[in-house]
Each structure stands twice: as structure tokens, then as C-alpha cells.
Amino acid sequence: IVFGLIFSAIIANNDQFNTIWLAKNKIKIQVPCDWEIIVHSPNNLSSSIGFQLMTNKAEDGTAHSTNIVVNTIDLTNLDENLSFVKSVIKKTTPESIQLDYKKWAIQQWVGIQDKVSYTIYDAKVVHDKTSLGVHIRLAFPNLPDNPKDYNQQMKTIIEKLISSINEINPDNKKGKD
């Protein structure tokens, strides 16, 4: 994982946040330094990076954890473009809650993994300065010992991550590598 990050993403660190550039350095995200990288798959403009959040003591000793994944999708590629659109349609159910934050469409829904209920936020946007789609998925287990305000904490996390993505690398506005 670390080897792939060195060659496919630029990472800058300050005392509290890591700044990571994805999609050939076109999309910037900022994440807290204590988020553990659990997956990173670069593939030209389409890429994925996933983190395990280290904030919920209710998860200690369980097989369940709070995770967030950021995907960039090259919308000039027809197959990827269709996949980006289909995933929005597929998850829309009467039980889903549709939210908006800035220019992002966010869908909140509940899924089950190993008999445990998870709240899932799917956030998507077509980046207004690139031919990229960006998808964020935040999933967290609904455990009995979760902090009382855990759902609101998670909503705040996804909103902060979305805010960090709304910036583009100024040296790469025209798709230069």
C-alpha cells in the first residue's frame, strides 16, 4: 500500500491532517492523521483510497469498524461513466434519505454486514473543473455502545471531507501530468 502511495499520490503532512492528491494530482483531499489507510488502488484518473477511522471505542474487540473510501472516476471513459450513474440508481430505495451538501448529492441508507446494521453515506459529485466524478462512501456499524452523537459525528466527517475535495490542484487545471 505505501509503495503505491509514493508513486501515485502526493502526500503532505502537518500536525493534524494529511493532504493527499488523487487522480493524477487533480483532486485534493485532507484527512486526519490518525486515519489508517487500508486500501489504495491507483489507475490513471480513476483511483480509490480507503481509510479506517480510529474514533469509536464501541468497535474495540469487534470485527466491525468505521470506514471511508474515496473514489475518483474518469467520466471520459464510457464504462466508468455508466458505472458511476448506475450505482446511484441501484442504491435508491424508499428507505433511503436524500441529502445535499454544497453541490454534492448524498444518500443515507442502512445495510447489513455479518448481522450488524451499518449506516452508509454515499456522496457523489461531478467535479466542476475536471472530467472526474468523485464518490465517497462512509460506513459505520450501529453498535449499542456507539456514542450518543455518533451519527452526527459521522455526518460532520463526510461534510469536512467533501469540503476538502472542493479544491483542485492549481498546477493541473488543464489535465497536465
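Residues numbered from 1 in each chain as written. Predicted model: local features only at pLDDT ≥ 70, side-chain atom pairs only at ≥ 80, totals over all residues. Heavy atoms only, no water.

K.L.:
Looking at this model, I keep getting lost on the packing of aromatic side chains. Mind explaining?
P.N.:
For any pair of aromatic rings, the description consists of the separation of the ring centres together with the inter-plane angle of the planes. Following the criterion strictly, the structure yields three aromatic pairs and no others. Aromatic side chains F140 and Y150 sit 5.5 Å apart centroid to centroid with 90° between the ring planes, which places their arrangement in the edge-to-face category. With F140 in strand β10 (residues 132-141) and Y150 in helix α3 (residues 150-165), this residue pair connects regions lying ten residues apart in the sequence. Comparing F140 with Y150 shows no difference in burial state: the two are buried. Members of the aromatic cluster, each reached through a chain of ring pairs, are Y121, F140 and Y150. (Phe/Tyr/Trp six-rings, centres within 6.5 Å; stacked < 30°, edge-to-face > 60°. Helix = DSSP H or I, 4+ residues; strand = E, 2+ residues; numbered from the N terminus. Buried < 20%, exposed > 50% of the residue type's maximum accessible area, 1.4 Å probe, protein only.)

K.L.:
What is the right way to read the pattern of salt bridges from this model?
P.N.:
Taken as a whole and assessed by the stated rule, the structure comprises one salt bridge. Of the charged contacts, one joins R137 and D122 as a salt bridge, the two residues approaching to 2.7 Å between their closest N and O atoms. With R137 in strand β10 and D122 in strand β9 (residues 116-126), the pair connects residues that are 15 residues apart, well separated along the chain. You can call R137 partly exposed: its relative accessible area is 29%. The buried category is assigned to D122, whose relative accessible area is 6%. (Salt bridge = Lys/Arg side-chain N within 4 Å of Asp/Glu carboxyl O.)

K.L.:
Can you walk me through the pairing of strand β3 (residues 27-32) in this structure?
P.N.:
Side chains on a regular strand alternate between the two faces of the sheet. Across six bridges, the pairing between strand β2 (residues 17-22) and β3 is antiparallel. Within the sheet, the bridge partner assigned to T19 lies in β3 and is Q30. Between β2 and the antiparallel strand that follows it, β3, lie four residues; A23 among them carries a positive phi value of about 55°. (Pairing = 2+ DSSP bridges.)

K.L.:
In this structure, what is going on with the environment of K28? I would like to understand it.
P.N.:
Within the secondary structure layout, K28 lies in strand β3. With 136 residues separating them in the primary sequence, K28 and S164 have C-alpha atoms 6.9 Å apart.

K.L.:
Explain the environment of S131 to me, please; I cannot follow it from the model alone.
P.N.:
Mapped onto the fold, S131 is located in the loop between β9 and β10. Under the relative-accessibility criterion, S131 is labelled partly exposed at 33%. Placed 58 residues apart in sequence, S131 and I73 show a C-alpha to C-alpha distance of 8.5 Å. Dropping the residues within four chain positions of it, S131 is found in contact with I73, D74, L75 and T76. (Contact = heavy atoms within 4.5 Å.)

K.L.:
It is not clear to me how unusual backbone geometry should be interpreted in this structure. Could you clarify?
P.N.:
Most peptide bonds adopt trans geometry, and most residues besides glycine take a negative phi value. In this structure, A23 takes a positive phi of about 55° despite not being glycine. Counting through the fold element by element, A23 comes out in the loop between β2 and β3. The buried category is assigned to A23, whose relative accessible area is 2%.

K.L.:
Before we go on, may I ask you to explain the nonpolar core in this structure?
P.N.:
In summary, soluble globular proteins display a tendency toward joint burial of nonpolar side chains. Grouped together as the largest cluster of nonpolar side chains are 30 residues, with contacts concentrated most on I29, I68, V70, I136 and I165. It is α3 that provides the largest number of residues to this core, a total of seven residues. Setting aside anything within four residues of it in sequence, one finds I29 in contact with N18, T19, I20, L22, I49, F51, V70, L161, S164 and I165. Judged by nonpolar contacts, the second largest core, of seven residues, contains W109, V116, A139 and L143. (Core = buried A, V, L, I, M, F, W, Y, C linked by side-chain atoms within 4.5 Å.)

Fair warning: the whole summary comes from geometry, so function is off the table for now.
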